[in-house]
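Understanding the architecture of this molecule
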Amino acid sequence: MRVLLVEDEKLLAKEVIGYLEEGQTICDWEADYKGASEQIAVNQYDFILLDLGLPDGDGISLLDEIKAHQEQSITIILTARSDIKDRVLGLERGADDYLSKPFSLLELKARMQAILRRKSGWNKEEIKLGDFVLDLGSRTVTHKNEEISLTNKEFSLLHFLLIHPNRVINRFQLAEHIWGDHVEDDYQSNYIDVHIKNIRKKLGRYASVDWLETVRGVGYKVKT
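Residues numbered from 1 in each chain as written. Predicted model: local features only at pLDDT ≥ 70, side-chain atom pairs only at ≥ 80, totals over all residues. Heavy atoms only, no water.

Looking at an unreviewed UniProt entry, one finds the protein chain named Response regulator transcription factor, with Negadavirga shengliensis as its source organism.

Below is the structure:
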């Protein structure tokens, strides 16, 4: 999962990033409006955590850019503003939720998981597709209770595809999900294809994986 944190409080940003990265999350951080705008225009995110009080602009205005460039992202407003009008305006402009500062990191994670489950239509910590079950807590995949051995990168790729069902994910997006901003120089090689091939081979020993489709010349998608 990839997250953009837009927050000008350096100490808070470090705490949030440190906490989220413990859970296999890739975090990008911008402390101002300009930097956030650039990231939103060129990268794709699962979550955007948006502070409203930025030094060079109002975070509310970024919601229009998020809507234009980040159709699949989930936005949570982080705000110290007490005026309910700002919160309502943020939700009306497309934000999915808001947290008032100061907030608990546990609550932030719980809010993110709850929104993701609600939007994806999946329950708790499990994602099911046929008889395959991904347990997000233990990061394991099972078929009829028999565990299938996947590497960490294979699990991350499969999870990323499953939380974006029926959407074509290109190879660059998949590479970014694994390596973040440190995408390997040769990401255009067959690295992603090899990982997908291994996933198909390992899962295919138990049942058909026709739902994991190749979109020729572009990338992959999970058809549900």
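We now examine the packing of helix H2 (residues 33-42) against helix H3 (residues 59-69). Between H2 and H3, the shortest axis-to-axis distance is 9 Å and the interhelical angle comes to 10 degrees. When the axis of H2 is compared with that of H3, the two are roughly parallel. Across from Tyr33, Ala36, Ser37, Ile40 and Ala41 in H2, the residues of H3 making contact are Ser61, Leu62, Glu65, Ile66 and His69. Per-class residue counts for the contact of H2 with H3 are six nonpolar, three polar and one charged. (Axes fitted to C-alpha atoms, helices over the stretch in contact; angles between N-to-C directions. Helix = DSSP H or I, 4+ residues; strand = E, 2+ residues; numbered from the N terminus. Parallel < 35°, antiparallel > 145°, perpendicular 65-115°, else oblique. Contact = heavy atoms within 4.5 Å. Nonpolar A, V, L, I, M, F, W, Y, C, P; charged D, E, K, R; others polar.)

Our next topic: unusual backbone geometry. Here the bond from Lys101 into Pro102 is cis, since omega is -5 degrees, no more than 30 degrees from zero. Tracing the backbone through its elements, the reader meets Pro102 in the loop between strand S7 (97-100) and helix H5 (105-120). Backbone geometry places Arg139, a non-glycine residue, at a positive phi of 55 degrees. If you trace the backbone, Arg139 turns up in the loop between strand S9 (132-135) and strand S10 (140-143). Judged by its relative accessible area of 26%, Arg139 falls in the partly exposed class. In the Ramachandran plot, Lys144 falls in the positive-phi region, its phi being about 50 degrees despite a non-glycine side chain. Within the secondary structure, Lys144 sits in the loop between S10 and strand S11 (146-148). Classification of Lys144 as exposed rests on a relative accessible area of 61%. (Buried < 20%, exposed > 50% of the residue type's maximum accessible area, 1.4 Å probe, protein only.)

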